[in-house]
Amino acid sequence: MLSLLRSLFASSLLLLLSTQASAQGLLQLTLKGEVSLPGGGWCELAVSAQGEQGSARRVDLGLHLGAGTKGVEVLQLLAARLEREGVVVVRPVWGARSEAATGSLWIEQCQGLSVRVPEGLQATVVVSESAPQSVRVVPAGEVGGQLLLTATTRNRTDGTVGRLTCQVPWTAKSGKDDIATALAARAIDQGWRGEVTGRDTWQPGLLIDGAELRGVSLELVGAAGATLELALPKR
């Protein structure tokens, strides 16, 4: 069953990114805290990015993390696997501040990412220079959670920098369709167009006031076991 779930997970992300083969962008992944489940818990990370000479590369991590594993340690492992594939990354600080549980990994030429972390770890994904092409949240089923979305906007006329925020909570009974619909509704309330495709994937559109979207942060809160999937747009 576990191998089947991992196969379905990889296939869904591959399908999500299949039309983004030439996409590229800067992405920041932050993991905060440490695994709090006795005996540890399950973690999945998948990154698609351009490697050396523009070749498409993909790294999948599916592993059981021991109790007390810090977020920065997981990012160090992911960085090593990405570098092995020729992907340019900026590693989180490690050494002098080795007791810190939080770290951020920057990934250049990123096409997409999927992240699922166990209880005790909290994930934030930032599309640093644009808006995402698509967003999909798959709840764990056993618990509820919340997606916090924050975007930086820029007025095209006078250059004024603004801020847009959305909060999308869900319960243990919510499905991925419910989350996508709620995200689209809350975004339009903030003046951000978008549509739901495939019933469970939100595709952001343009701002109603014509401003530019310069970057977007998506944070999963209290959502252990939920999966956040992003694809980045072409540049």
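Residues numbered from 1 in each chain as written. Predicted model: local features only at pLDDT ≥ 70, side-chain atom pairs only at ≥ 80, totals over all residues. Heavy atoms only, no water.

A. Representation of the pattern of salt bridges within the structure. Per the stated rule, a full pass over the model turns up nine salt bridges. Note that D60 and R58 form a salt bridge whose closest N and O atoms lie 2.8 Å from each other. Here D177 and R199 are joined by a salt bridge, their closest N and O atoms 3.2 Å apart. Separated by 22 residues along the polypeptide, D177 in helix α3 (residues 176–189) and R199 in the loop between β11 (192–197) and β12 (201–207) bring together distant segments of the chain. Taking relative accessible area as the criterion, R199 reaches 63% and is therefore assigned exposed. It is possible to trace a salt-bridge network through shared partners that takes in R154, R156, E212 and R214. (Salt bridge = Lys/Arg side-chain N within 4 Å of Asp/Glu carboxyl O. Helix = DSSP H or I, 4+ residues; strand = E, 2+ residues; numbered from the N terminus. Buried < 20%, exposed > 50% of the residue type's maximum accessible area, 1.4 Å probe, protein only.)

B. How the structure looks around the side chain of T69. Positionally, T69 belongs in the loop between β3 (56–65) and α2 (71–84). Side-chain polar atoms of T69 contact the backbone oxygen of G66, separated by 2.6 Å. Leave out the neighbours within four places in its chain, and T69 touches G33, E34, V35, V74 and L121. (Polar contact = N/O pair within 3.5 Å; in protein donor to acceptor, adjacent residues only side chain to side chain. Contact = heavy atoms within 4.5 Å.)

C. Examining the nonpolar core more closely. In terms of nonpolar packing, the biggest core is built from 56 residues, with L29, L78, L82, I107, L149, W192 and L228 touching the most fellow members. Ignoring any residue separated from it by four or fewer positions in sequence, one finds W192 in contact with A131, L149, A151, L164, A187, W202, P204, G205, L206, L207, L213 and V216. (Core = buried A, V, L, I, M, F, W, Y, C linked by side-chain atoms within 4.5 Å.)

D. Representation of the environment of G205. By the element assignment, G205 lies in strand β12. For the pair G205 and S134, spaced 71 residues apart in the sequence, the C-alpha separation amounts to 9.7 Å. Setting aside its immediate chain neighbours within four residues, G205 contacts W192, R193, G194 and L213.

E. Quick look at the sheet that holds strand β10 (residues 161–170). The strand order across the open sheet built from seven strands is β4-β5-β1-β7-β13-β9-β10, with neighbouring strands paired in antiparallel fashion. Each edge of the open sheet carries a strand with a single partner, namely β4 (89–90) and β10. Relative to strand β5 (residues 103–107), β4 is paired through two bridges, and the arrangement is antiparallel. The partner of V89 across the bridge, within β5, is I107. Those strands touched by α2 are β1 (27–33), β4, β5 and β7 (121–127), and its axis lies near 20 degrees from that of β5. Across the sheet, α3 lies against β9 (145–154) and β10, angled at about 150 degrees from β10, the strand it touches most. (Pairing = 2+ DSSP bridges. Axes fitted to C-alpha atoms, helices over the stretch in contact; angles between N-to-C directions.)

F. A look at the confidence of the model for the protein. Mean pLDDT over the protein works out to 88, with 87% of the residues at or above the 70 mark. Segment residues 1–23: pLDDT under 50, and 42 contacts once partners within four positions in sequence are set aside and those in other chains are kept. (pLDDT = per-residue confidence, 0-100.)

G. Structural view of unusual backbone geometry. Located in the positive-phi region is Q109, a residue other than glycine, with phi close to 55 degrees. Mapped onto the fold, Q109 is located in the loop between β5 and β6 (110–116). By relative accessible area, Q109 is classed as partly exposed at 30%. At R199, a position not held by glycine, the phi torsion is positive, near 75 degrees.

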